[in-house]
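Here's the letter readout for the chains.
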Amino acid sequence: GESVGLHLPTLSVQEGDNSIINCAYSNSASDYFIWYKQESGKGPQFIIDIRSNMDKRQGQRVTVLLNKTVKHLSLQIAATQPGDSAVYFCAESEGGSEKLVFGKGTKLTVNP
Amino acid sequence: DTAVSQTPKYLVTQMGNDKSIKCEQNLGHDTMYWYKQDSKKFLKIMFSYNNKELIINETVPNRFSPKSPDKAHLNLHINSLELGDSAVYFCASSQARPAHAGELFFGEGSRLTVL
């Protein structure tokens, strides 16, 4: 079956730097994408979402970019803080599907 | 007030036993889910219920049986536990159906260890 994956399993950045977490997806029919953050010992929390009719969406300190041509999704975190340390998941859904399919996750470590 | 609450948070049991994990949401959502997260952090959907009706049933052994007594509750019962069932089980809910119409709200997880 088709799946969502990540380029890098771990990412380490310095506090204050910008972080970029990448995600590749293979289902060309996917039209909705979400980024989740999971802190240690907790459940995933919604960060930001984007639909396929957009290529960029901004939130507070976060930006999601969608490149449908190469089926690539990225999450940019500006001025990364220690509290941003977590595992980040991208997830995708195909129009009409009941399912949200999660990628494997990237562990972000922010060094003070 | 916890939006999605699961009990127990930790569960250690022997192979062959039967156990249940309970989930309740106070968000007024119509759709609830069970996800399994393995040791590599991979999250995979198991079941989804919309207003007490089963709408997703992934390829899960029939030892796993979800039960939704009402739309605010979705419990997971596991029979004849096996070592491979060890994982963190997350309950989640969403306001909209299908899932891609809105975010999922997750509980804190229930870590099951089968010895």
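All values reported here derive from a predicted model rather than from experimental measurement.

(A) Representation of the overall build of chain B. Scanning chain B for helices and strands turns up 0 helices and 11 strands. Along chain B, from the amino end to the carboxyl end, the secondary structure elements read β-β-β-β-β-β-β-β-β-β-β. The C-alpha atoms of chain B give 13 Å as radius of gyration, which agrees with the globular expectation for 115 residues (13 Å, within 12%). Along the first, second and third principal axes, the C-alpha atoms of chain B reach 40 × 30 × 30 Å. With 115 residues in all, chain B has 46% of them scored as buried. A total of about 5600 Å² of accessible surface is found on chain B, and carbon and sulfur atoms cover 48% of it.

(B) A look at the state of the cysteines. Residue and element names in this part refer to chain B. Within this structure, the stated rule accounts for 2 disulfides over all chains. Note that Cys 23 is cross-linked by a disulfide to Cys 91, the S-S spacing being 1.9 Å. Handedness of the Cys 23-Cys 91 disulfide follows from its S-S torsion of about -80°: it is left-handed. Of the two residues, Cys 23 sits in strand β3 (residues 19-25) while Cys 91 sits in strand β9 (residues 87-94), which places them 68 residues apart along the sequence. For Cys 23, a relative accessible area of 2% puts it in the buried group.

(C) Highlighting the interface of chain A and chain B. Taken together, the contact pairs 23 residues of chain A with 24 residues of chain B. Buried area between chain A and chain B, both sides added, is near 1800 Å², and the carbon and sulfur share of it is 57%. For A:Lys99, the salt bridge goes to B:Glu58, with nearest N and O atoms at 3.2 Å. For the pair chain A and chain B, the number of links is 4 residue pairs in polar contact (both at pLDDT 80 or more). Of the residues assigned to the side of chain A that touches chain B, the class counts are 8 nonpolar, 8 polar and 7 charged.

(D) How the structure looks around the side chain of B:Arg63. All names here are of chain B. Take Arg 63: it is sitting in the loop between β6 (53-57) and β7 (64-70). On the accessibility criterion, Arg 63 (14% relative accessible area) is buried. At a separation of 3.2 Å, a polar atom in the side chain of Arg 63 contacts the main-chain carbonyl oxygen of Ser 80. In this structure the side chain of Arg 63 is engaged in a polar contact, spanning 3.5 Å, whose partner is the side chain of Glu 82.

(E) Structural detail: the nonpolar core. All names here are of chain A. Core analysis: the largest hydrophobic core is formed by 20 residues, its most contacted members being Ile 21, Trp 35, Leu 73, Leu 75, Tyr 88 and Leu 108. Taken together, the elements giving at least two residues each to this core come down to β2 (10-14), β3 (19-25), β4 (30-38), β5 (45-51), β7 (62-67), β8 (72-77), β9 (86-94) and β11 (106-111). Apart from the residues within four sequence positions on either side, Ile 21 is in contact with Leu 11, Trp 35, Leu 73, Ser 74, Leu 75, Tyr 88, Thr 106 and Leu 108.

(F) Broad picture of the sheet that holds β7(B). Residue and element names in this part refer to chain B. Taken in spatial order, the 4 strands of this open sheet run β1-β3-β8-β7, and their pairing is antiparallel. Of all strands in the sheet, those with a lone pairing partner are β1 (4-7) and β7, marking the two edges. Ignoring strand direction, the axes of neighbouring strands in this sheet form an average angle of 20°. In terms of strand pairing, β1 meets β3 through 4 bridges, oriented antiparallel. Bridge pairing in β3 links Ser 5 to Glu 24.

(G) Representation of the pairing of strand β11 (residues 110-114) of chain B. Residue and element names in this part refer to chain B. Of the two faces of β11, only one is covered, namely that formed by Ser 110, Leu 112 and Val 114; the face formed by Arg 111 and Thr 113 stays uncovered. Here strand β2 (residues 10-13) pairs with β11 via 4 bridges, running parallel. Across the sheet, the residue bridging to Leu 11 is Leu 112, located in β11. Across 3 bridges, the pairing between β9 and β11 is antiparallel. Across the sheet, the residue bridging to Val 88 is Arg 111, located in β11.

The rules behind each value
- Residues numbered from 1 in each chain as written.
- Chains lettered and ligands numbered in written order.
- Predicted model: local features only at pLDDT ≥ 70, side-chain atom pairs only at ≥ 80, totals over all residues.
- Heavy atoms only, no water.
- Helix = DSSP H or I, 4+ residues; strand = E, 2+ residues; numbered from the N terminus.
- Rg over C-alpha atoms; globule rule 2.2 N^0.38 Å.
- Buried < 20%, exposed > 50% of the residue type's maximum accessible area, 1.4 Å probe, protein only.
- Areas by Shrake-Rupley, 256 points an atom, 1.4 Å probe, with all protein chains shown as cover.
- Disulfide = S-S within 2.5 Å.
- Contact = heavy atoms within 4.5 Å.
- Buried area = accessible area lost by both parts, 1.4 Å probe.
- Salt bridge = Lys/Arg side-chain N within 4 Å of Asp/Glu carboxyl O.
- Polar contact = N/O pair within 3.5 Å; in protein donor to acceptor, adjacent residues only side chain to side chain.
- Nonpolar A, V, L, I, M, F, W, Y, C, P; charged D, E, K, R; others polar.
- Core = buried A, V, L, I, M, F, W, Y, C linked by side-chain atoms within 4.5 Å.
- Pairing = 2+ DSSP bridges.
- Axes fitted to C-alpha atoms, helices over the stretch in contact; angles between N-to-C directions.

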